[in-house]
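Here are the chains, one letter per residue:
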Amino acid sequence: MGNENARDQSSSPGRRLATLARHLSVGDTSLISSRGEAINTAPTAGFHGGSVFANVAQAPEDPILGVTVAYNKDPSPMKVNLGVGAYRTEEGKPLVLNVVKKAEKMLLNNPSRVKEYLPITGLADFNKLSAKLIFGADSRAIQENRVTTVQCLSGTGSLRVGAEFLARHYNKRAIFIPQPTWGNHPKVFTLAGLSVKTYRYYDPKTRGLNFQGLLEDLNMAPSGAIVLLHACAHNPTGVDPTLDQWEQIRRLMRSKSLLPFFDSAYQGFASGNLDADAQSVRMFVADGGECLMAQSYAKNMGLYGERVGALSIVCESADVAVKVESQLKLVIRPMYSNPPIHGASIVATILKDSSVDKAYVFLCFLREMYREWTIELKAMANRIISMRQQLFNALSARGTPGDWSHIIKQIGMFTFTGLNKEQVSFMTREYHIYMTSDGRISMAGLNTKTIPHLADAIHAAVNRIK
């Protein structure tokens, strides 16, 4: 018993801490290992002051998200944030769709729901319904099992997974992106290992599409190169090709074996019609060729913080699609293992129809939810269209120099105003209006109360600063 007590005391936490304290006293920078060897305790990270990360440079704010950071610091009651890419109500508040609330309530009241991990590829119903939404219920590619879809972390995650897959398995590294494009595109593709090139898209003189430049640049692209295409509501310009122009783009790309990689962040949110906003994509899929599609439900369902998206790859055959999916799993597994369940379940609940549930009463309810979503989606799109018209009218009433018709010709959440950096800085400094330095404004951030203030600011900026 005496020996056991001695062992207990010698191995007690207090005794061990006292021993450790002696070794860590000033002037003693070593510990003794179990083999009697000295262990150097020289600091590696701030032990006696100073960090191994001390030389890390302060990174600049993200050019888009940084607008909100600056806005939040401004105490002015007149401030307006037109930088954020998120829908706001007429009262300037974030919106949770009623149909989303209903779907969440259904999920909450379902006693069979659990919080288990999803498969690497995500929620199966979500994937099937997402492909159907963008490619169409009658898509031959879907019917022939030539489409593989994986759930990803919203649009950004879908782009990144697709880019990583291409960097590993496609024989070309060059990806051509429109100039300008969403600020995150070049970062996502570069970090995935692709070589980013640009093609002409926007004409600052007409504030419209530089279609001839676009065709010339794609015609000069090397055969087989990847081409990023905005499915609708081009960000940041709001300028889209016409259907005839899309057809010319499709023919040129297929003739040169260019690989389309679509980014669809605004389906239904641009025109208010889900099918109309998917026409460009369906043109390419209908010709039997291959393509990639990144989808996001941030805007059209208001699920910004849920990070819900999908990557679909349309393949030449069902056999190829199976192999592609197997490799997508190998991309996803070490990246984030598997996607979250809640947001995808909301989307699947809203999109479900007779193809996934044959209970008549439940089916009718689900169809009603889908119909309610399309109504709410149309209402959001219409409010943005109304804001465009009201801003155009306000500038016209003030006699603001220049042609501002591009505001009502452009489509979607954003307007490329044509304002330069100096004018943007003036509006921020004098009128507390926040936007990205390239003059892009979020039409969804406007309301009838803030439009006169914005029109006054634009009028002053273009008159005082050239």
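See the structure printed just above.
If you're wondering where the values come from, they're calculated on a predicted model, not measured in any experiment. (Residues numbered from 1 in each chain as written. Predicted model: local features only at pLDDT ≥ 70, side-chain atom pairs only at ≥ 80, totals over all residues. Heavy atoms only, no water.)

Caption draft 1: Geometry of the environment of Ser112. With respect to the helices and strands, the residue Ser112 is situated in the loop between α4 (98–108) and α5 (124–135). A polar contact is formed between the side chain of Ser112 and the side chain of Asn110, at a distance of 2.6 Å. (Helix = DSSP H or I, 4+ residues; strand = E, 2+ residues; numbered from the N terminus. Polar contact = N/O pair within 3.5 Å; in protein donor to acceptor, adjacent residues only side chain to side chain.)

Caption draft 2: Here's a closer look at the sheet that holds strand β5 (residues 174–179). Spatially, the seven strands line up as an open sheet ordered β4-β12-β11-β10-β9-β5-β6, and their pairing is mixed. This sheet does not close on itself; its edge strands, each paired only once, are β4 (147–153) and β6 (195–200). Averaged over all pairs of adjacent strands, the angle between their axes in this sheet comes to 25°, without regard to strand direction. The sheet contacts of helix α9 (residues 211–220) involve β6 and β9 (226–230), and relative to β6 the element is tilted by about 145°. (Pairing = 2+ DSSP bridges. Axes fitted to C-alpha atoms, helices over the stretch in contact; angles between N-to-C directions. Contact = heavy atoms within 4.5 Å.)

Caption draft 3: Geometry of the layout of surface pockets. Empty space within the largest pocket amounts to approximately 670 Å³. Contributing to the lining of the largest pocket are 33 residues, with Gly85, Thr156, Trp182, Asn235 and Lys299 lying nearest its centre. At the level of secondary structure, the elements contributing two or more residues to the lining of the largest pocket comprise α3 (65–73), α7 (154–169), α8 (185–192) and β10 (259–264). Among the elements that take part in the lining of the largest pocket, α7 stands out by supplying four residues, more than any other. Of the residues contributing to the lining of the largest pocket, the split by class is 14 nonpolar, 13 polar and six charged. Roughly 580 Å³ of internal volume is contained in the second largest pocket. Forming the boundary of the second largest pocket are 21 residues, of which Asn127, Lys128, Leu129, Ala131 and Ile142 lie nearest the centre. Listing elements by their share of the lining of the second largest pocket, those giving two or more residues are α5, β4 and α12 (318–336). (1 Å grid on protein atoms, 1.4 Å probe; cavity = no way out; pocket = protein on both sides within 12 Å on 5 of 7 lines; lining within 4 Å. Points joined across faces, edges and corners; volume = space filled by probe spheres on them. Nonpolar A, V, L, I, M, F, W, Y, C, P; charged D, E, K, R; others polar.)

Caption draft 4: Layout of empty space enclosed by the protein. In the structure shown here, the tally under the stated rule is one cavity of 30 Å³ or more. Approximately 40 Å³ is the volume found for the largest cavity. What lines the largest cavity is simply Tyr199, Tyr201, Leu214, Leu229, His230, Pro241, Trp246 and Ile249. Elements supplying a minimum of two residues to the lining of the largest cavity: β9 and α10 (243–255). Broken down by class, the residue content of the lining of the largest cavity amounts to seven nonpolar, one polar and no charged.

Caption draft 5: Looking closely at the side chain of Asn127. Relative to the helices and strands, Asn127 resides in helix α5. Engagement of the side chain of Asn127 in a polar contact is seen with the backbone oxygen of Thr121, the distance being 3.0 Å. When near neighbours in sequence (up to four residues on either side) are disregarded, Asn127 contacts Thr121, Gly122, Thr149, Val150 and Gln151.

Caption draft 6: Spotlight on the packing of aromatic side chains. Within this structure, the stated rule accounts for twelve aromatic pairs. Aromatic pair Tyr202 and Phe416: ring centres 4.9 Å apart, planes at 85°, arrangement edge-to-face. With Tyr202 in strand β7 (residues 202–203) and Phe416 in strand β13 (residues 414–416), this residue pair connects regions lying 214 residues apart in the sequence. Overall, Tyr202 belongs to the buried group, its relative accessible area being 12%. Here Tyr266 and Phe414 contribute two aromatic rings whose centre-to-centre distance is 6.4 Å and whose plane-to-plane angle is 90°, an arrangement assigned as edge-to-face. Highlighted residues: Tyr266 in the loop between β10 and α11 (279–286) and Phe414 in strand β13, separated in sequence by 148 residues. There is no split in this pair, since Tyr266 and Phe414 are both buried. Through a chain of ring-to-ring contacts, the aromatic side chains of Tyr87, Tyr266, Phe269 and Phe414 assemble into a single cluster. We note Arg207 situated over the ring of Trp404; from NZ or CZ to the ring centre the distance is 5.2 Å. The ring of Phe414 is capped by Arg440, whose NZ or CZ atom sits 3.6 Å from the centre of that ring. (Phe/Tyr/Trp six-rings, centres within 6.5 Å; stacked < 30°, edge-to-face > 60°. Buried < 20%, exposed > 50% of the residue type's maximum accessible area, 1.4 Å probe, protein only. Lys NZ or Arg CZ within 6 Å of the ring centre and 35° of its normal.)

Caption draft 7: Representation of the nonpolar core. Ranked by size, the top nonpolar core spans 66 residues in total, and within it Trp373, Leu391 and Met427 carry the most contacts. Counting residues per element, the ones that place at least two in this core are α4, α5, β12 (308–314), α13 (342–351), α14 (360–398), α16 (421–431) and α17 (451–464). Element by element, the count of residues in this core is highest for α14, at ten residues. Core analysis: the next-biggest nonpolar cluster, separate from the first, contains 35 residues, Ala131, Ile134, Phe211 and Met293 among them. (Core = buried A, V, L, I, M, F, W, Y, C linked by side-chain atoms within 4.5 Å.)

Caption draft 8: Representation of the side chain of His406 in the model. Checked against the element boundaries, His406 lands in helix α15 (residues 406–409). Judged by its relative accessible area of 3%, His406 is buried. Polar side-chain contacts of His406 include one of 3.4 Å to the backbone oxygen of Asp403. Reaching out from His406, the side chain makes a polar contact with the backbone oxygen of Thr417 at a distance of 3.1 Å.

Caption draft 9: Geometry of the pairing of strand β11 (residues 291–296). Counted residue by residue, β11 has six buried out of six residues, so it is predominantly covered. Burial along β11 is two-sided: Cys291, Met293 and Gln295 and Leu292, Ala294 and Ser296, pointing in opposite directions, are all buried. Pairing between β10 and β11: four bridges, direction parallel. Bridging from a neighbouring strand, Phe261 pairs with Leu292 of β11. What joins β10 to β11 is α11, and the crossover it makes is right-handed. Examined bridge by bridge, β11 and β12 share six bridges and lie antiparallel to one another. (Right-handed = clockwise from strand over helix to strand, strands pointing away.)

None of the figures reported here should be taken as evidence of function without further support.
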